[in-house]
2 protein chains.
Amino acid sequence: MSETRIQAPDGVPFIDVTREFVAPRNLVFRAFTEPDLLVQWLGPAKYEMVVDTYDVRAGGSWRYVHRDGQGNEFGFHGVFHGDPSPDSWVQTFEFEGAPGHVALDQLRLVEVDGRTTVLTHSVYQSLEARDAMVAGGMAQGMDSGFRRLDALLGRLVPVA
Amino acid sequence: MSETRIQAPDGVPFIDVTREFVAPRNLVFRAFTEPDLLVQWLGPAKYEMVVDTYDVRAGGSWRYVHRDGQGNEFGFHGVFHGDPSPDSWVQTFEFEGAPGHVALDQLRLVEVDGRTTVLTHSVYQSLEARDAMVAGGMAQGMDSGFRRLDALLGRLVPVA
């Protein structure tokens, strides 16, 4: 299993994540953009993931909700920018519990020898907002999701 | 006439702008959000400004076009985040000539003694993108627009 590498360099409000998956990039792109696949891996396993909308085009909106066992809901939404493709897409990210606090994420998929590396570059409105995201357990949440994505991709493309 | 103060600190991908206007903040908010007013001041005076859409609400889109004397058009668009009000609103900013290169702008209006200070905080995806924006004459463009906004606000609210 690949390692999730998370970099949050001192003094700049960026988080960069690198993670390799054993799958071609078109499949990884589908897993990141098709609701039926997304709900099978994104976010902490303890939440039910419900996709409200996922309109992957320049100017299109996305929204999903994480629902816990007590019925509490945590909504997230944003908008796609650029012309989304496996080469690159940009999306804003806003937790509905903190309106107006927005991150800007760029995702790129690079395929070498049938394996795909996901590179994400996230920009925050302040160093404090970036640090809060790191302190809030982002790494564990992402890694947990990516392990489920490993399993999903393995089911979709059995490796010889 | 007030001075436009632009700060682009070393090492972080931010641009912060401060500018005072002689008008109450509800009027300044209208000038920043109503197309009929916006076209009278935003951008360099040499361009005709055409607002395509300006849907000022969480998740709403905006788009405008600058048209020069030769009929060349330069489009810009983005999406509003947060719950836009004079206290604070957030909007993405994307030049259609460079899709996927996005800035995240927060604007706040603070009124003291009938004068309103506009504070903008813009975040770029890289230091290089921020530096390119500064090098591209952003300060002159903003200052030119703000002088026209001074005049517009003066016509709307004659000062005793």
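Enquirer: Looking at this structure, I do not really get the pairing of strand S8 (residues 115–123) of chain A. What am I missing?
Expert: Remember that side chains alternate between the two faces of the sheet whenever the strand is regular. All names here are of chain A. Judged from the eight bridges that link them, strand S2 (residues 14–21) and S8 form a sheet pairing that is antiparallel. Across the sheet, Phe 14 pairs through a bridge with Val 123, a residue of S8. Bridge count for strand S7 (residues 102–112) against S8 is nine bridges, and the pairing is antiparallel. Its bridge partner being in S8, Val 110 is matched across the sheet by Thr 117. Between S7 and S8, which pair antiparallel in sequence order, lie two residues; one of them, Asp 113, sits at a positive phi of approximately 55°.

Enquirer: What is the right way to read the interface of chain B and chain A from this model?
Expert: The accessible area lost on association of the parts is a frequent measure of interface size. Contacts between chain B and chain A engage 23 residues on the former and 23 residues on the latter. A combined buried area of about 1,700 Å² lies between chain B and chain A, and 69% of that area is made up of carbon and sulfur atoms. Counting the surface chain B buries against chain A, the share from its top three residues, His81(B), Leu104(B) and Gln125(B), is 32%. Linking chain B to chain A there are zero salt bridges. Between the two partners, chain B and chain A, sit six residue pairs in polar contact (both at pLDDT 80 or more). Residue assignment for the side of chain B that touches chain A shows that the elements contributing at least two residues are strand S5 (73–85), strand S6 (88–95), strand S7 (102–112) and strand S8 (115–123) of chain B.

Enquirer: Help me understand the sheet that holds strand S1 (residues 5–7) of chain B, please; the structure alone is not making it clear to me.
Expert: To summarise the sheet geometry, strands pair through backbone hydrogen bonds and adopt either a parallel or an antiparallel arrangement. Residues and elements named next belong to chain B. Read from one edge of the open sheet, eight strands run S1-S2-S8-S7-S6-S5-S4-S3, paired in antiparallel fashion. In the strand order of this sheet, the two ends are held by S1 and strand S3 (48–54), each with one partner. Going from strand to strand, the sheet's axes swing by 20° on average, the running direction of each strand aside. The pairing of S5 with S6 spans five bridges and is classified as antiparallel.

Enquirer: Explain the relation of the copies chain B and chain A to me, please; I cannot follow it from the model alone.
Expert: What connects the two chain copies is a rotation about an axis and a shift along it. The operation relating chain B to chain A is a screw motion whose rotation component is 180°, with 0.0 Å of axial translation and a residual RMSD of 0.0 Å. Within this description, the copies of the chain are treated as partners about a two-fold rotation axis. Every residue of chain B has its C-alpha some distance from the rotation axis, and the shortest such distance is that of Val12(B), at 2.7 Å.

Enquirer: Just checking my understanding: could you explain unusual backbone geometry for this structure?
Expert: Excluding glycine, residues mostly have negative phi values, and the peptide bonds linking residues are mostly trans. Despite not being glycine, Asp113(A) shows a phi value in the positive range, around 55°. For Asp113(A), the location among the structural elements is in the loop between S7 and S8.

Enquirer: Explanation requested: the pattern of salt bridges in the structure shown.
Expert: Close approach of charged atoms allows side chains of opposite charge to pair. Taken as a whole and assessed by the stated rule, the structure comprises 22 salt bridges over all chains. In this structure, the salt-bridge partner of Arg67(B) is Glu73(B), at a minimum N-O distance of 2.8 Å. Classification of Arg67(B) by relative accessible area gives partly exposed; the value is 28%. Taken together, the salt bridges that share partners define one network made up of Glu48(A), Arg67(A) and Glu73(A).

Enquirer: How do you make sense of the side chain of Gln91(A) when you look at a structure like this?
Expert: Residues and elements named next belong to chain A. The residue Gln 91 is located in strand S6 (residues 88–95) in this model. Classification of Gln 91 as buried rests on a relative accessible area of 9%. Of the polar contacts made by the side chain of Gln 91, one reaches the side chain of Trp 89; its length is 2.8 Å. Here Gln 91 is in contact with Tyr 54, Trp 62, Val 79, Phe 80, Ala 103, Leu 104, Asp 105 and Leu 107, once residues within four sequence places are set aside.

What counts as what
Residues numbered from 1 in each chain as written. Chains lettered and ligands numbered in written order. Predicted model: local features only at pLDDT ≥ 70, side-chain atom pairs only at ≥ 80, totals over all residues. Heavy atoms only, no water. Pairing = 2+ DSSP bridges. Helix = DSSP H or I, 4+ residues; strand = E, 2+ residues; numbered from the N terminus. Contact = heavy atoms within 4.5 Å. Buried area = accessible area lost by both parts, 1.4 Å probe. Salt bridge = Lys/Arg side-chain N within 4 Å of Asp/Glu carboxyl O. Polar contact = N/O pair within 3.5 Å; in protein donor to acceptor, adjacent residues only side chain to side chain. Axes fitted to C-alpha atoms, helices over the stretch in contact; angles between N-to-C directions. Least-squares fit on C-alpha atoms with pLDDT ≥ 70 in both. Buried < 20%, exposed > 50% of the residue type's maximum accessible area, 1.4 Å probe, protein only.

Everything listed is a geometric property; what it means functionally is a separate question.
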